[in-house]
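Listed below are the residues making up each chain.
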Amino acid sequence: MEPSLSAAELDVRRFRHDDLPQIRQALIDVHADAYAEAMEEEFNQRFPWFVDHWGGHPDFACVIAFDGDEAVAFAYGAPSTPQREWWREHLDPAPTRSRTFSYSELAVRTKWRKTGMAELVTRALLEDRDEDLVVLLVDTGHPRVQALYEAWGFRKVGARQPFPDSPVYAVMLADLPLD
């Protein structure tokens, strides 16, 4: 089934820490669809743990795009702990303005790819943030995804493997607000 609406016509809703019980399954379902071809990997199977970890942050922020009642994409994250930002080990000296939002996850259902959905939920998540910077990790095995983030103003500042079974990620940083 093809998407019934364009990305710009979807209902994009904002959620916080207290909303996690109501949105948790929607996040898991969208992720399972988006990563269907890689769900046999143990790292991807642990996604519910990541939802609970990030959603447990008191300043958790999430946006979900809906086509009617169906969640079709989401983006979430939370402010970084000062001095523990993912970019810090890669930049010396650190930027003068360094309050950072950690953009943890983006997922788009397969039938909604290449519709502008990723940019829609990314910009919705990051608009009106009061942090100076936003940091995210991109699997280095997906250069087109990295190029997409670069088109939105992110730059690669390093690489890291946060878990022994996770991919190696490009550490990407952008100034807020995004251009």
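Everything below is about the structure printed above this text.
Residues numbered from 1 in each chain as written. Predicted model: local features only at pLDDT ≥ 70, side-chain atom pairs only at ≥ 80, totals over all residues. Heavy atoms only, no water.

## Digging into the overall build of the protein
Helix and strand counts for the protein stand at 5 helices and 7 strands. Ordering the α and β elements of the protein from the N terminus gives β-α-α-α-β-β-β-α-β-α-β-β. Computed over the C-alpha atoms, the radius of gyration of the protein is 16 Å, within 12% of the 16 Å expected from 2.2 N^0.38 for a compact globule of 179 residues. Principal axes of the C-alpha set define a box for the protein whose edges measure 50 × 35 × 30 Å. Put simply, the protein has 179 residues, and 45% of those count as buried. Restricting to contacts in the protein with at least 6 residues of sequence separation, those with at least 24 account for 70%. For the protein, the separation between the mean place of its 19 positive charges and that of its 31 negative charges on side chains is 3 Å. (Helix = DSSP H or I, 4+ residues; strand = E, 2+ residues; numbered from the N terminus. Rg over C-alpha atoms; globule rule 2.2 N^0.38 Å. Buried < 20%, exposed > 50% of the residue type's maximum accessible area, 1.4 Å probe, protein only. Contact = heavy atoms within 4.5 Å. Lys, Arg positive; Asp, Glu negative; His and termini not counted. Charge placed at Lys NZ, Arg CZ, Asp CG, Glu CD.)

The quantities given are spatial measurements derived from coordinates; they are silent on function.
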